[in-house]
Amino acid sequence: MISIYPTIYHKFQCKADQCENTCCQLWTIDIDEPTAERYHSMTGSLGESLRQAITVDDEGSHFIFSKAQPMCPLLNEKGLCKVVLELGEEGLCDTCHMHPRFYKYIEDLELCGVGLSCEASVELLAQQEPMDFLLFTIEDDHNEFKPEERLTLHNIFELLAFDLDPNLFQYTPKPSKQSFKELLDLYKQTEPIDENWTAQVNTLSSKLDQLIASVQTYIQQEDMSLFNKVYQYILYRQIDMLSDYSLESDYILIASALEGQPLKQVARWSQQIEYDEDNVELLLQHYEAQLG
């Protein structure tokens, strides 16, 4: 097995109460069975809090956050997790313990990373030196690769014997009113993570003429390296899927040009799209139909 990591992977550390957009909200979190059994049998105030927070149905145990209860009830008044404070990270269920890390297996490659829904992950990606390609570290069972060896995204595609035009590894925005309209119409069909997402898509759609000018100005005045890194990172994470990754970066660029805060726009996009299987499937079906 060969394991590949973005260079930001081993630098990742949860920001806990310093995070402005905590992951401990807006999700349904499935609790693995061993942890659920432990939570249900725990005594004391933490055990009682856990049982009150857990929803049990035919499919198992879950933490379910809603509009009425958007934040995890296990956060204390400082925004810190009561489970971690009392039991340590090993007390978390698998999902909470691993998030935002992800692992994808293709042939004999293990592709690892940290998801862009996380504020800390996006900040690390933004801090990486701007280059033509993201860099990755590589580890293998037989020590065929040196610890200091670095791969580019193009190298990873070569390892998988995927033959792509080198130009596809670079994000080149091509703003047009028609392409933006089609993109926003498509995103209106996604299942919204919250009301703010719906409001943002509708606002962007209502300002198409303004968007073109704003994006063109933004491209001229701002550093586009972040959007190229995000584009390549999405391509890496979804490497086994057929999609038009430039469009995903286009949405982040549009939102950033009109509303600012590009790092926040990256995380919001990832939460809305990458972490909703139905939304991913919707986009894939659309792109496949376009190739038709």
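Residues numbered from 1 in each chain as written. Predicted model: local features only at pLDDT ≥ 70, side-chain atom pairs only at ≥ 80, totals over all residues. Heavy atoms only, no water.

Mapping Q127 onto the fold places it in helix α5 (residues 119-127). A relative accessible area of 56% places Q127 in the exposed class. (Helix = DSSP H or I, 4+ residues; strand = E, 2+ residues; numbered from the N terminus. Buried < 20%, exposed > 50% of the residue type's maximum accessible area, 1.4 Å probe, protein only.)

This part is about a negative patch on the surface. Taken together, the side chains of E191, E277, D278, E281 and E288 make up a negatively charged region of the molecular surface. Mapped onto the elements, D278 comes out in helix α13 (residues 277-291). The exposed category is assigned to D278, whose relative accessible area is 60%. (Patch = residues over 30% accessible without salt bridge, like charges linked within 9 Å, V, L, I, M, F, W, Y side chains within 5 Å. Areas by Shrake-Rupley, 256 points an atom, 1.4 Å probe, with all protein chains shown as cover. Salt bridge = Lys/Arg side-chain N within 4 Å of Asp/Glu carboxyl O. Lys, Arg positive; Asp, Glu negative; His and termini not counted. Charge placed at Lys NZ, Arg CZ, Asp CG, Glu CD.)

Before going further, it helps to examine the side chain of E119. In this structure, E119 sits in helix α5. Overall, the relative accessible area of 14% leaves E119 in the buried class. A distance of 2.6 Å separates polar atoms of two side chains, one belonging to E119 and the other to K15. Only 3.1 Å separates the side chain of E119 from the backbone nitrogen of N21, close enough to count as a polar contact. In this structure, E119 is in contact with K15, Q18, C19, E20 and N21, ignoring residues within four places of it in sequence. (Polar contact = N/O pair within 3.5 Å; in protein donor to acceptor, adjacent residues only side chain to side chain. Contact = heavy atoms within 4.5 Å.)

This brings us to the sheet that holds strand β3 (residues 54-57). Overall, antiparallel pairing links the 3 strands, which are arranged β2-β4-β3 in an open sheet. Two strands in the sheet have a free side with no partner beyond their single neighbour: β2 (28-31) and β3. Across the sheet, the axes of successive neighbouring strands diverge by a mean angle of 35°, strand direction being ignored. Relative to strand β4 (residues 60-64), β2 runs antiparallel, the two being bridged by 4 bridges. In the sheet register, D30 faces β4, and the bridge partner there is H62. Contacting β2, β3 and β4, helix α1 (residues 33-41) crosses the sheet at an angle of about 90° to β2. Against the sheet, helix α2 (residues 44-53) touches β3 and β4, its axis set at about 50° to β3. (Pairing = 2+ DSSP bridges. Axes fitted to C-alpha atoms, helices over the stretch in contact; angles between N-to-C directions.)

Below, the discussion takes up the confidence of the model for the protein. Here the protein averages 90 in pLDDT, and 98% of its residues register 70 or above. Mean pLDDT values over the elements of the protein span from 86, in α13, up to 96, in α1. (pLDDT = per-residue confidence, 0-100.)

One open sheet accounts for 5 strands, arranged β5-β6-β1-β7-β8; its pairing is mixed. For this open sheet the edge positions go to β5 (101-106) and β8 (150-152), each flanked by a neighbour on one side alone. Each adjacent strand pair in this sheet contributes to an overall mean axis angle of 30°, direction not counted. Pairing geometry for strand β1 (residues 2-6) and strand β7 (residues 135-140), over 5 bridges, is antiparallel. When the sheet's bridge partners are listed, Y5 is paired in β7 with T137.

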